[in-house]
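Given next are the chains, with one letter for each unit.
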Amino acid sequence: QVQVVESGGGLVQAGESLRLSCTTSGRAVSIVAMGWYRQAPGEQRETVANITLARTRNYASAVEGRFTISVDKAWKSVNLQMNSLKPEDTAVYYCNVRVRFGTEFRNFWGQGTQVTVSS
């Protein structure tokens, strides 16, 4: 089974930066994509950014130009650099790892890390 562990959240003021990290562990798997999602209290989880095996990057319009997703060469970790943070970025951020098992695809999620941006 794949374990996903996130870190890097915290409390910052508007305009400051945070860097989130996500590390995978467990047996060898075939990762096809990694991504970051967030969920504010009472709201649905939404996509923030993702990166494919081909290193194609996609960003939500709300974070375009401010956030940057990156992955290490071995695809063991994925990071999210968050700059110019806004209060509306406040949410629990989750790391997602999409894995292929033969012809089947599964998503593995981290426990989430809290990001709070004060005005």
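It should be noted that the structure appears before, not after, this text.
Participant: Sorry if this is basic, but what is going on with the sheet that holds strand β7 (residues 67-71) here?
Facilitator: Two strands in a sheet stick together by hydrogen bonds in their backbones, pointing the same way (parallel) or opposite ways (antiparallel). On the basis of which strands lie adjacent, the open sheet formed by 4 strands has the order β1-β3-β8-β7 and antiparallel pairing. On the outer flanks of this sheet lie β1 (2-7) and β7, each paired with one strand and no other. Across the sheet, the mean angle from the axis of one strand to that of its neighbour is 15 degrees, orientation sign disregarded. Relative to strand β3 (residues 18-26), β1 is paired through 6 bridges, and the arrangement is antiparallel. Looking at the pairing, Gln3 lines up with Ser25 of β3.

Participant: Which parts of the structure should I look at to understand the packing of aromatic side chains?
Facilitator: In this description, an aromatic ring pair is defined by two values, namely the gap between the centres and the angle between the planes. Summed over the entire model, instances satisfying the criterion amount to 2 aromatic pairs. Between Tyr37 and Trp109, the aromatic rings sit 5.0 Å apart at their centres with planes inclined by 65 degrees, giving edge-to-face as the arrangement. A residue pair is termed long-range when its members are at least 10 positions apart, and Tyr37 in strand β4 (residues 30-39) and Trp109 in strand β10 (residues 104-109) qualify at 72 residues. Residue class for Tyr37 comes out buried when judged on its relative accessible area of 18%.

Participant: So what exactly am I meant to see when it comes to the side chain of Ser21 here?
Facilitator: The residue Ser21 is located in strand β3 in this model. In this structure the side chain of Ser21 is engaged in a polar contact, spanning 3.2 Å, whose partner is the side chain of Arg19. In contact with Ser21, other than residues within four places in its own chain, are Val5, Glu6, Ser7, Trp36, Val78 and Asn79.

Participant: Could you clarify how one ought to interpret the nonpolar core in this entry?
Facilitator: The tendency in soluble globular proteins is for nonpolar side chains to be buried as a group. Grouped together as the largest cluster of nonpolar side chains are 30 residues, with contacts concentrated most on Trp36, Leu80, Met82 and Tyr93. Sorting the residues of this core by element identifies β1, β3, β4, β5 (46-52), β7, β8 (77-82), β9 (91-101) and β11 (113-118) as the ones contributing at least two each. It is β9 that provides the largest number of residues to this core, a total of 5 residues.

Participant: Sorry, what's going on with the pattern of salt bridges here?
Facilitator: Pairs may arise between side chains of opposite charge once their charged atoms sit close together. If you walk through the whole model with that rule in mind, you get 4 salt bridges. Of the charged contacts in the structure, one is a salt bridge between Glu46 and Arg38, with a shortest N-O distance of 2.7 Å. We classify Glu46 as partly exposed; its relative accessible area is 38%. Here Arg38 falls in the buried class, since its relative accessible area comes to 7%. In this structure, the salt-bridge partner of Arg66 is Asp89, at a minimum N-O distance of 2.8 Å. Residue Arg66 is located in the loop between β6 (57-59) and β7, and its partner Asp89 is located in the loop between β8 and β9; the two are separated by 23 residues in the primary sequence. Residue class for Asp89 comes out buried when judged on its relative accessible area of 0%. What emerges from the salt-bridge pattern is a single network uniting Arg38, Glu46, Arg66 and Asp89.

Participant: How should I be thinking about unusual backbone geometry in this particular structure?
Facilitator: Apart from glycine, the bulk of residues carry a negative phi angle, and the bulk of peptide bonds sit in the trans form. A positive phi is found at Arg55, a non-glycine position, where the angle reads about 65 degrees. Using a relative accessible area of 36% as the deciding quantity, one classes Arg55 as partly exposed. Its identity as a non-glycine residue notwithstanding, Trp75 has a phi of 55 degrees, on the positive side. Tracing the chain through its elements places Trp75 in the loop between β7 and β8.

Basis of the calculations
Residues numbered from 1 in each chain as written. Predicted model: local features only at pLDDT ≥ 70, side-chain atom pairs only at ≥ 80, totals over all residues. Heavy atoms only, no water. Pairing = 2+ DSSP bridges. Helix = DSSP H or I, 4+ residues; strand = E, 2+ residues; numbered from the N terminus. Axes fitted to C-alpha atoms, helices over the stretch in contact; angles between N-to-C directions. Phe/Tyr/Trp six-rings, centres within 6.5 Å; stacked < 30°, edge-to-face > 60°. Buried < 20%, exposed > 50% of the residue type's maximum accessible area, 1.4 Å probe, protein only. Polar contact = N/O pair within 3.5 Å; in protein donor to acceptor, adjacent residues only side chain to side chain. Contact = heavy atoms within 4.5 Å. Core = buried A, V, L, I, M, F, W, Y, C linked by side-chain atoms within 4.5 Å. Salt bridge = Lys/Arg side-chain N within 4 Å of Asp/Glu carboxyl O.

As far as function goes, none of this settles anything; it's purely spatial.
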